[in-house]
Amino acid sequence: MRDRSSSVKGDDPSNVLFDTWLTARAAIALLDTALAGTGLDAEDFAVYSVLRQAGEISPSELARWISAPATTVSSHVKRLVARGHVRQVPHPEDRRSYRITLTDAGQHAHTTAGRHFLSALATVEGALPRPASDVQQALRDLHAAIGTAAQQA
């Protein structure tokens with residue numbers, strides 16, 4: 001991440017939420033670069049990762065997982081269906097709804113992009129000043145705190 005000190009005038013705008021936003025933007029940029037040429041970008045890769053882990057999931061469950069509005073998830077699903085990477089299957093308990101799952105082609109795309117992702121991940125973890133597990137726990141704690149704040153808003 002670049003040094004912000006020379007570009008910020010006056011008081012440092014740094015705080016937990018702003019630093020989180022900056023970190024998220026930097027992570028997305030790094031992953032977009034790492035995944036270039038795979039057919040997936042950082043956001044696609046995250047969605048495919050959730051779908052692969054879930055096996056089969058409803059759009060509302062996916063929306064909760066990725067903290068996105070239903071309209072955003074709907075757009076993702078349409079794009080992934082058009083690519084042939086996702087199929088919609090009837091929801092077993094609610095005929096008005098459906099569940100989504102990666103196709104074999106979607107799993108292959110995720111696996112291919114995953115090799116590029118793992119290379120970027122190894123580089124980032126190698127540059128951390130403390131164990132990755134400690135950083136992950138701090139991020140989980142931060143995510144929980146943001147969730148708590150969102151419920152109170």
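For every chain, the first residue of the written sequence is number 1, and numbering continues from 1 along that sequence. Where totals are concerned, whole chains, interfaces and linings use all residues; where local detail is concerned, this predicted model gives features only for residues with pLDDT of at least 70, and gives and counts side-chain atom pairs only at 80 or more. Values shown for side chains rest on all heavy atoms present in the structure; no hydrogens or waters enter the calculation.

Section: the pattern of salt bridges
Thinking step 1. Whenever Lys or Arg places a side-chain nitrogen within 4 Å of a carboxyl oxygen from Asp or Glu, that contact is recorded as a salt bridge. The tally for this structure, following the rule as stated, stands at five salt bridges.
Thinking step 2. Here Arg-79 makes a salt bridge to Asp-44, at a shortest N to O gap of 3.1 Å. Linking Arg-79 in helix α4 (residues 70–83) with Asp-44 in helix α2 (residues 42–54), this pair joins segments that are 35 residues apart in sequence.
Thinking step 3. The salt bridge involving Glu-56 is made with Arg-99; its shortest N-O contact spans 3.3 Å. Highlighted residues: Glu-56 in the loop between α2 and α3 (59–66) and Arg-99 in strand β2 (residues 98–102), separated in sequence by 43 residues. Only runs of H or I of at least four residues qualify as helices and only runs of E of at least two qualify as strands under DSSP, and these elements are numbered from the N terminus.

Overview of the side chain of Thr-101
Thinking step 1. Positionally, Thr-101 belongs in strand β2.
Thinking step 2. Working definition: with a 1.4 Å probe on protein chains only, accessible area under 20% of the residue-type maximum means buried, over 50% means exposed, and in between means partly exposed. Residue classification places Thr-101 among the buried positions, given a relative accessible area of 9%.
Thinking step 3. Of the polar contacts made by the side chain of Thr-101, one reaches the backbone oxygen of Gly-55; its length is 2.5 Å.
Thinking step 4. Contact between two residues is taken to exist if any of their heavy atoms lie within 4.5 Å; hydrogens are not considered. Residues within four places of Thr-101 in sequence aside, it is in contact with Gly-55, Glu-56, His-85, Val-86 and Arg-87. In protein, a polar contact requires one atom able to donate a hydrogen and another able to accept it; more generally it is a pair of N or O atoms within 3.5 Å, and residues adjacent in sequence count only if both atoms are side-chain atoms.

Examining the layout of surface pockets
Thinking step 1. Cavity means a closed set of points on a 1 Å grid over the protein atoms alone, one where a 1.4 Å probe fits but cannot get out, pocket means an open set with protein on both sides within 12 Å along at least 5 of 7 lines, and lining means a residue has an atom within 4 Å of a point. Grid points are joined across faces, edges and corners, and a volume is the space filled by probe spheres set on the points. Of the volumes computed, that of the largest pocket is approximately 2,600 Å³.
Thinking step 2. For the lining of the largest pocket, the element with the highest residue contribution is helix α1 (residues 16–35), accounting for twelve residues.
Thinking step 3. For the lining of the largest pocket, the residue count by class is 33 nonpolar, nine polar and seven charged. Amino acids are sorted into nonpolar (Ala, Val, Leu, Ile, Met, Phe, Trp, Tyr, Cys and Pro), charged (Asp, Glu, Lys and Arg) and polar (every other residue, Gly among them).

A short note on the nonpolar core
Thinking step 1. Among the buried residues, those of types Ala, Val, Leu, Ile, Met, Phe, Trp, Tyr and Cys that are joined through side-chain atoms within 4.5 Å form a nonpolar core. If you look at the biggest cluster of nonpolar residues, it comprises 23 residues, and the most contacted ones within it are Leu-51, Leu-62 and Ile-100.
Thinking step 2. Broken down by secondary-structure element, the contributors of at least two residues to this core are α1, α2, α3, α4, β2 and α5 (104–127).
Thinking step 3. Considering each element in turn, this core owes the most residues, six residues, to α2.
Thinking step 4. Those residues in contact with Leu-51 that sit more than four places away from it in its chain are Ile-57, Leu-62, Leu-80, Val-86, Ile-100 and Leu-102.

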